[in-house]
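Residue-level structure breakdown
Residues per chain, in single letters:
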Amino acid sequence: MHADILIINGKCLAVSNQETYDWIAVTDNNISAAGRGEDYNSIICNPEKIIDAKRCTVLPGFYDSHFHLVQTGINSLSLDLSEAASFNDIGDLIQEQAGLTPGQPIRGIRLYESNLKEKRFPDRIVLDKFCNDVPVWLCSREYHTSILNTYAILHYKIPFTLSGIDLDHKNMPTGIFRHHANALLRENILKSITTAYRLEAVSGVSEDVLKKGITTINSMEGGYLFCDKDAEFVHEYGKSFPVDIVLFYQTTNISRIKEMNLKRIGGSLFVDGSFGSRNAALFFEYNDKPGCMGELFFDQDDLNAFLVDCYKNRLQTALHTIGGRAIEMALNAHEHALNIVGEIGLRHRLEHVEMPTAEHISRSKKLGLIYSMQPTYEYLWGGPSKMYAERLGEHYKTTNPLREIVEGGITVCGGSESDVTQPDPLLGIHAAVNHPVKEHRMEVMDAIRMFTVNGAYAVFEDQKKGGLETGKLADIVILDHDILTTPKDRIKDIKVKTTIKSGCILFDSDKQ
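On a predicted model such as this, the values are computed, not experimentally measured, just so you know. (Residues numbered from 1 in each chain as written. Predicted model: local features only at pLDDT ≥ 70, side-chain atom pairs only at ≥ 80, totals over all residues. Heavy atoms only, no water.)

1. Comments concerning the packing of aromatic side chains
The geometry of two aromatic rings is summed up by the distance between their centres and the angle between their planes. For the structure shown, the criterion picks out 11 aromatic pairs. Aromatic pair Y224 and F270: ring centres 5.8 Å apart, planes at 75°, arrangement edge-to-face. Of this pair, Y224 sits in the loop between β15 (214-221) and α7 (228-237) while F270 sits in strand β17 (residues 264-270), and the two are 46 residues apart along the sequence. We classify Y224 as partly exposed; its relative accessible area is 29%. Members of the aromatic cluster, connected to one another through ring pairs, are Y112, F275, Y377, W381 and Y388. Residue placement shows R186 over the ring face of F226; its charged tip is 5.8 Å from the ring centre. A cation over an aromatic ring shows up here: K386 above the ring of Y379, its NZ or CZ 5.9 Å from the ring centre. (Phe/Tyr/Trp six-rings, centres within 6.5 Å; stacked < 30°, edge-to-face > 60°. Helix = DSSP H or I, 4+ residues; strand = E, 2+ residues; numbered from the N terminus. Buried < 20%, exposed > 50% of the residue type's maximum accessible area, 1.4 Å probe, protein only. Lys NZ or Arg CZ within 6 Å of the ring centre and 35° of its normal.)

2. Here's the deal with α7
The α-helix winds at 3.6 residues per turn, so residues separated by three or four positions along the chain end up facing the same way. Buried within α7 are the following residues: D230, A231, F233 and V234. In a view along the axis of α7, the buried residues occupy a sector of 160°, so they form one face of it. In the core, the buried residues of α7 are packed alongside α1 (69-76), α6 (195-211), β15 and β16 (244-249). (Arc of directions from axis to C-beta. Contact = heavy atoms within 4.5 Å.)

3. Side note on the nonpolar core
Ranked by internal contacts, the top residues of the largest apolar core, which has 89 residues, are Y371, I429 and I483. Tallying contributions element by element places helix α10 (residues 324-341) first for this core, with 7 residues. Look past the residues within four positions of Y371 in its chain and what remains in contact with it is L350, V353, P356, H360, I361, S364, I405, I410, T411, V412 and C413. (Core = buried A, V, L, I, M, F, W, Y, C linked by side-chain atoms within 4.5 Å.)

4. Things to note about the sheet that holds strand β19 (residues 349-352)
Ordered by their spatial adjacency, 5 strands build an open sheet running β17-β18-β19-β20-β21, and the pairing between neighbours is parallel. What marks the edges here is a single partner per strand, and that holds for β17 and β21 (412-414). Across the sheet, the mean angle from the axis of one strand to that of its neighbour is 20°, orientation sign disregarded. By the bridge criterion, 4 bridges tie strand β18 (residues 316-321) to β19 in an arrangement that is parallel. When the bridges of β19 are listed, T321 appears paired with H352. Helix α9 (residues 300-312) rests against β17 and β18 of the sheet, and its axis sits at about 155° to β18. Strand contacts of α10: β18 and β19, with the helix running at about 155° to β18, the strand carrying the most contacts. (Pairing = 2+ DSSP bridges. Axes fitted to C-alpha atoms, helices over the stretch in contact; angles between N-to-C directions.)

Okay, here's the thing in structure tokens:
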């Protein structure tokens, strides 16, 4: 048998079954053979390339099952505020950027008020001290809040009557935009970005994710807080990038989805908000904002009707649900649609699902729902001394109960929500295995499945991808350690050595 690539001396985890191989052969686009020991000598003739895995782990190519591709690309060309710890830090970064790009608008990203010593966002008065001659637009890390200087408020012309605009004691805008005002602002600005700029931005992201072993992305584009031009862009240009891109259009416009011949709808289709912005819909009050229990973005009857239409049109759905009240509303809507339409095997998804109860898990199992989750949230914000504890008090102990979800029979796929967190499946696996609440910790193989075979299953690709089986597409990742023997608290330090996509080596760390 001819092989284009022969990987030997590896710990090749099939993942989609219980098999482990020592070697794998790739011919054209597919895995053509796999075996143990050195029996490839009697099967494979003159392979074009031999890769010695050096007893390190070989895995299926990683899925990132929740990824804002276009926004990640655009943000990669923006001012990163993630390390800012005070207003003065923000000011220094803005002034540095103004010096590098004189006369150009400044867009800052990944700002979290919890990181700032002032424990609040700066207003326009603060920003004006640092820059008052070009528009300055700062975005919170999870996109739910924008902060503008005075120049930007006048430049972007958002009506002051919109809900979500913070006003001072003189009834003037403070520069902080939330809710509908933030969504309209973001849409207006993002619509002005050219296709050429989007192409440049996304091309850079594609190269970066291959270095992390990601070969397939679920691209959540368009809709509220984003821009429909992003979804149209991915639909038109998605096949031109080296990674596989599965588009989720974040809209309730079923007619448009059908016109585009898409099989799924949603992604960040918001039933509620986020913990960071205190608009995730909880069953209790926020610890740091008494009286606030978050917000539901749908009426139950409207969500019921929408899901019935999706079921009837055979569209897989993906709803953004973080808090318990949002999860409850989504389950009610699915149960309503199932009662009317019946089970049609669409593998519907709930995205994030951070605070499900035991009852929610049981009901989700009966409905056949998939949970699309982001364990890196816990690495960044979980535990007793970080943002979740600030927002939720002792309820932080109930967030992302990964082990209980898996034991409840739910298929869980893993993502980053890039660029809310960085796209890095190994960090996601690490976070799932080292959850700050011990009883929620996953086993290593369960965490690996989140980012491989479960990711494939969640978009109906498990028959051709997600495992190292003969006949499947040769999407393969070679690590620089054995992940099963690496101490659990060091999994995040493992690196991707080689990424193979459809039988082609697209990343090799030895050649970087």
